[in-house]
Structure formats: structure tokens, C-alpha cells
Amino acid sequence: MIFFFLLLILLSSTGCGQSGQSGTDNQITVGISQEPDSLDPLFGEMAASSEILGAVFRGLTTRNDKWELLPEIARDIPSLTTGSWERLPGDKMRTTWHLKEGVKWEDGQPVTAEDFIFAHQVIMDDRVPVISRDLDRRIEKMEAPDPLTLVVTWKELYAYANEGHALLPKHILEPVYQKDPTKYHESFFNTKPMGNGPFKVTQWEPGNFLILEKNPNFFGESSKFNKIIYRIIPDTNTLLANLESRTIDAVSPTGLSFDQALDFQKRKGNDFKVIFVQGLVWEHIDMNHDHPIFKDKRVRQALLYAVDREKMVQTLFEGKQEVAHSWLPPRHYGYYADVKKYPYDLEKARKLLEEAGWKEGPDGIRVNEKGEKLSLIIMTTAGNKIRERVEEILQADWKKAGIDLEIKNQPAKVFFGDTLRYRKFPHLAMYAWIIGPTSDGESLWTIKNIPSPENNWQGQNQGGFRHPEIDRIDNLVPKTLDEKERKALLAQEQQIWAEELPSLPLYFRMDVSATRKDLHNWLVTGTDTPVTWNAEQWYFAK
């Protein structure tokens, strides 16, 4: 009775429709298992944030579901053949962008080159704790000879210069930033951003829902839906139940686990679309390399030998998701197939642990010469059924090798927004990286990208891994313009990586989603481009 009452309030307040039917010709309701950590493009780190921002912001370029790079608010993409990409003396370079006319912010003000220059200024301010300065720190200067021309001079060669420039509405945010840069990251923009995309955020009820409404000032194709409602439903079984009851129209790619999608396809495949896309999602376990246990690579290797990952993917995914042997997925151009592999070998794991000084104790759990137990804590996102089952498998497998594993999961917002970002996990953190078709290892494995108070917690090397040769290669790859040369460097890097094992690779995930049969143009990409990249084209068939 209490649940029914609450549901009525929710449906009423979100305008979700009548009689449990969510969709109308004019609006769509999407279920998502995570809540965004921030809607400021400089601070949002979760997949849920990326998905919402995909409908609210549009950049110079985008990638579609075929991974093709397309101009978006740029008229064209800089290239050496047109002269808009120039190599300069001293291994510097320059790219020149021409913006389309008529691109506006939600309030009707024009988007200009100054909005890119302002975003660059904020990102490069050490007082602002942005997620990454990876692209902007390579820039010597940005200039705007006129409102629709952006000239970027680079300090060094950079292979990915045609992707990733941020933009912010300078006319709105410059006063906020100038008032106190150290407080900028706490501004209203985290919950009420002003974008230039097909939709604008009009309401965010934390823990319940977000409402996006059609942006009448969008420069592109007019959206077919007037409203997108995102309902936050952390329990993935409840997500499916809501789809079956038509309370929602689609389940976000940030929602179902693979096994749930498989089961749903078998049970309801005639009534709903169930979508599987092989992509660039790497499920893995980070180790805290500041902890003494992980200083010895024999321990890291033993952990991987002691897990039967082939059995894991057979049990959980019917073998339809493949074991990962590296951090780069097979569809990435830099994937190296001959990398060292770690088949399940319990005896080898035990031998490595013995050599590393971990002897079996009276209760079966190993101890070192100080009498300290080989007892580890693993953390991940609470409520994610598949990760919880993986933890159970790890617990059982590692116990056979004399390793004790304690599970301490957290809500996704806490796990990603606090524990991972500030490197608070004591031993192990399990999650996924969703990477792009041209991603390299610089942000993940280089020393300068270890989040710390000194760099204001920017960077994504959350494990704190340090290796001079990997550091050298991963810093060199983005400066190498020729793709064949980059591929050779990435092969070399993966061979060292597989020997050193800074993280424990588990498997490569497919992007999965489910929708009503009559929803069209819901195109899951399998990359870091969110499903909302073409939200203005979504519609229900008549």
C-alpha cells in the first residue's frame, strides 16, 4: 500500500503518463541504474553523467554508432590536406576550426570560439579539480580571430587533436569562476547546466528522476520528443520489471547486466528489443599499488592465475563475453592478440605466493613473515548483480589459494565520486572503463595521471601504478601521428603491461540495452559515445 502511494506521487510529479503507460508520441521514459555525479562537463565521471550530457551538450565533433568521426558544431574537421591542420617547427602544430553559424546556448546567446577558450582557461587552472587536463595541457594557446573561428596552437604533436575540446557558456559561468575559482566546482552548473544540445535539464529530483525538455534553440534537427524522463532505478531487476509493465520505455546501457539481458531476450524477445553491441568496455580490478601487498608482481600474477575466468564467463554469460588478457579490447586498433595470458593454474598461483613469502597458515589463509594475513578487501558498485556474483567467484577461487577476500560495496555515486576519485579503496576496486576508438594508455597508466592532492585529484591512474618504460611509451603514443607506429608502440606496451599486471583484467563487456519494439534510432555505440548522441532522432513508430 505504501509502495502504491509513493508510485502515484512519482508518476504525478514526473508526468510519466497514465495507467502505467510511460510513453506517448511526445515523450519517452528511460530507466537508468546510476545517478549522475555531476552535470558539469568538467566534473562528471560516471557513465550516467555522460549519457545525460550527450543530450544536453554538443561539441565540435562526435562519433556515431559506426565509430565514424563527424563534424557537429564545426563546419568541417581539420586535416593536413585542407591546410586546417599544420605542422609547425619544433614539433608543434596548429589546428583551425570554423564553427557553424546559428549555434546557440539554451538562452539564445550564440556559441562562439570564446566559449572554448574560456573552458580551456578553467581546465588549466590548478585551483579547479577537473577530472583530466590530458588534452588541454598540450595546448600552447587558443585564439579567436573572429567569433566563429578557433585557432589552437599545440606545444607538441598530438594525434587526437580533432576530438575532445570542451566548451562552456562564458557569459553565464565567467562571473562564477572569477568570484572564486576554488569554489567553481560547487556551482549550480553541477545540477542545472546550460547546454547547446537538443534537450535541456529542467528538473533533477535526486534519487528519483531527471527531466530533459526540448531545447527550442537547438541548431540541429528538431527533436521528435518534447521530453525525456530519466528514472533512477538502482536495482536492475526492478528496471526490467518497469520495462515489462511499460512504466518505462527503454533501459539505458547503464542498466542491465549481460546475463539479465540474455534472460530477458529469451523470455520477452518477441515483445521487446534487446540490444547487444560488442564494444570497448573493459571490466577489471584495480589494485592499490601504494599498499605493500601489491609491490611484488608475483602476488599480482598469483591473483590472476588463481581465478578461473573462462569458467566465470561461461557461468555468467554463456561464454558470449570474452576473457580479457589486456586492457585494450579486440575491436580497438591497438589490440595485441599475442599478449601474455594467465590461464587458470592454482598450483602456479600457490608457488608464486610461496616465493613471495606468503606461507599457508593454520586456518588455510596465508601469512607473511610478520604474521600478517593475506586478507584483501574488494569494493564495487552495490546492487550490480553481476559484479556481486563475480565477487563471490573471486572469494571462492582465491580461498583455494589461501587468500581471504572481504566484500565492501558502496552506492555507485559514492564509489565513483569519492572512493575511486580520491583513491580511498584499501586493496581492490572492481569497475569498467568505457574507452574510445582512439584511446591510449596515457591517462590510465602514466605517473602524472595518478590522482593526488598535488594535482588536485586529476587523472585516472587510480591504482597509482608506476613503471618507467610503460610511462615512456604511453607518453609517446599520443605524440605519434602515424597510426601504424602507434599500433607498434601499443603492442610493446601491452607486453610489458601483461607481465607487470597493474590491474587484473576480467572480461570485455558488451553494451546491452532493452527498449519497446516501436522505439526507433536508439543506437548504442559500444564506446564512450553515449546512446544520447542522436537523442533528437528518437521516436516511436506510429
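Please read all numbers here as calculations on a predicted model, not as lab measurements. (Residues numbered from 1 in each chain as written. Predicted model: local features only at pLDDT ≥ 70, side-chain atom pairs only at ≥ 80, totals over all residues. Heavy atoms only, no water.)

Asker: Where do I start with the nonpolar core in this structure?
Answerer: In this structure, W398 and W538 are the most contacted members of the largest nonpolar core, which totals 152 residues. When residues of this core are assigned to their parent elements, the largest contribution, eight residues, is made by strand 12 (residues 272-287). When residues no more than four places from it in sequence are discounted, the contact partners of W398 are I285, L303, A306, V307, I403, L405, L428 and L504. (Core = buried A, V, L, I, M, F, W, Y, C linked by side-chain atoms within 4.5 Å. Buried < 20%, exposed > 50% of the residue type's maximum accessible area, 1.4 Å probe, protein only. Helix = DSSP H or I, 4+ residues; strand = E, 2+ residues; numbered from the N terminus. Contact = heavy atoms within 4.5 Å.)

Asker: Quick question: what am I supposed to make of the side chain of S49 here?
Answerer: Among the structural elements, S49 can be located in helix 2 (residues 47-56). Within polar-contact distance, the side chain of S49 engages the backbone oxygen of S38 at 3.1 Å. Not counting chain neighbours up to four residues away, the residues in contact with S49 comprise P36, D37, S38, L39 and G44. (Polar contact = N/O pair within 3.5 Å; in protein donor to acceptor, adjacent residues only side chain to side chain.)

Asker: Looking at this structure, how should I read helix 11 (residues 412-420)?
Answerer: Three or four residues apart is the spacing at which side chains of an α-helix point the same way, because the helix has 3.6 residues per turn. Those residues of helix 11 that fall on the buried side of the exposure criterion are A412, F415, F416, T419 and L420. With its buried residues spanning 120° around the axis, helix 11 presents them on a single face. Buried residues along helix 11 sit in contact with strand 15 (375-379) and strand 17 (428-434). (Arc of directions from axis to C-beta.)

Asker: What am I meant to see in the packing of aromatic side chains here?
Answerer: Between two aromatic rings, the relevant description is the distance of the centres plus the angle of the planes. Under the counting rule described, the total for this entry stands at 25 aromatic pairs. On the numbers, 5.9 Å between centres and 85° between planes, the contact of F188 with F189 is edge-to-face. Residue classification places F188 among the partly exposed residues on the basis of a relative accessible area of 41%. Among the residues examined, F189 registers a relative accessible area of 0% and is labelled buried. Within the aromatic cluster, the residues linked to one another by ring pairs are F43, F118, Y177 and Y184. Against the face of W67 rests R331, its NZ or CZ located 3.9 Å from the ring centre. Here R516 stacks its cationic end above the ring of F540, 3.8 Å away from the centre of that ring. (Phe/Tyr/Trp six-rings, centres within 6.5 Å; stacked < 30°, edge-to-face > 60°. Lys NZ or Arg CZ within 6 Å of the ring centre and 35° of its normal.)

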